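Coordinates in review
Chain by chain, the residues run as shown.
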Amino acid sequence: MTNNKFSGKTSRKNILCFLGIHKWERSGGLNIYSSNVREKYFLCKRCGKKKTVYEPKND
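This section reports on the structure supplied with the text. (Residues numbered from 1 in each chain as written. Predicted model: local features only at pLDDT ≥ 70, side-chain atom pairs only at ≥ 80, totals over all residues. Heavy atoms only, no water.)

**Structural notes on the pairing of strand β1 (residues 24-31)**
To be explicit about the condition: When DSSP finds two or more bridges between a pair of strands, those strands are recorded as paired. A run of DSSP states H or I qualifies as a helix once it reaches four residues; a run of E qualifies as a strand once it reaches two. Both are numbered from the N-terminal end.
In this structure, β1 lies alongside strand β2 (residues 37-44), joined through seven bridges in antiparallel fashion. Opposite G29, over in β2, you have K40 as the bridge partner. Count of turn residues in the β1/β2 antiparallel hairpin: five residues.

Here is the structure:
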């Protein structure tokens, strides 16, 4: 089997991602002061999928 370029593990671990069980890691965020919404970026350590979460700011 070939190695995965993100975690160094075999591609059999990607079956978890195929089933929707990702291993999310925070990769950054965006905080614009004039907006009342905060963006958070996440990256799956196993497959490399990206997701963005929008949440309201607490004033």
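**Comments concerning the environment of K50**
Condition: Only protein chains enter the accessibility calculation, which uses a 1.4 Å probe; a residue is then buried when its area is under 20% of its type maximum, exposed when over 50%, and partly exposed in between. For this analysis, residues touch if any pair of their heavy atoms sits within 4.5 Å.
Tracing the sequence through the fold places K50 in strand β3 (residues 50-56). Take K50: its relative accessible area is 68%, and that puts it in the exposed class. Considering only alpha carbons, one finds K50 and R26, 24 residues apart in sequence, at a separation of 10.0 Å. Discounting chain neighbours no more than four positions away, the residues touching K50 are W24, F42 and L43.

**Description of the side chain of E39**
The condition that has to hold: The charged-residue count follows a simple rule in which Lys and Arg add positive charge and Asp and Glu add negative charge, with His and chain termini not counted at all. Salt bridge, as used here: a side-chain nitrogen of Lys or Arg that lies within 4 Å of a carboxyl oxygen of Asp or Glu. The term polar contact refers here to a pair of N or O atoms within 3.5 Å; inside protein, the definition further demands a hydrogen-donor-capable atom paired with an acceptor-capable atom, and it admits residues adjacent in sequence only when both atoms are side-chain atoms.
Relative to the elements of secondary structure, E39 occurs in strand β2. Although E39 is buried, it makes no salt bridge; K57 carries the closest opposite charge, 9.9 Å away. Side chain to side chain, E39 and Y41 meet in a polar contact 2.7 Å long. Every residue in contact with E39, bar those within four places of it in the chain, is listed here: G29, L30, T52, V53 and Y54.

**Brief notes about a nonpolar patch on the surface**
Keep this limit in mind: The patch calculation keeps residues exceeding 30% relative accessible area without a salt bridge and links them within 9 Å when they carry like charges or within 5 Å when they are nonpolar (Val, Leu, Ile, Met, Phe, Trp, Tyr). In these tables, accessible area is a Shrake-Rupley quantity obtained with a 1.4 Å probe, and a residue counts as shielded only by the protein chains included in the view.
A contiguous nonpolar surface patch, about 480 Å² in accessible area, is contributed by I15, F18, L19 and I21. Secondary-structure assignment places F18 in helix α1 (residues 14-18).

**What about the sheet that holds β3?**
Short version of the rule: Note on definitions: angles span 0 to 180 degrees between N-to-C directions of axes, and those axes are lines fitted to C-alpha atoms, for helices only across the stretch in contact.
The strand order across the open sheet formed by three strands is β1-β2-β3, and the pairing between neighbours is antiparallel. Edge positions in the sheet fall to β1 and β3, since each of these pairs with one other strand and no more. On average, adjacent strands in this sheet sit at an angle of 25 degrees to one another, irrespective of strand direction.

**Some thoughts on the pairing of β3**
Strand residues, when the strand is regular, have side chains that alternate between the two faces of the sheet. Examined bridge by bridge, β2 and β3 share seven bridges and lie antiparallel to one another. Residue pairing across strands places R38 opposite E55, the latter belonging to β3. Hairpin connection, β2 to β3: the antiparallel pair is bridged by five residues, and G48 has positive phi, about 90 degrees.

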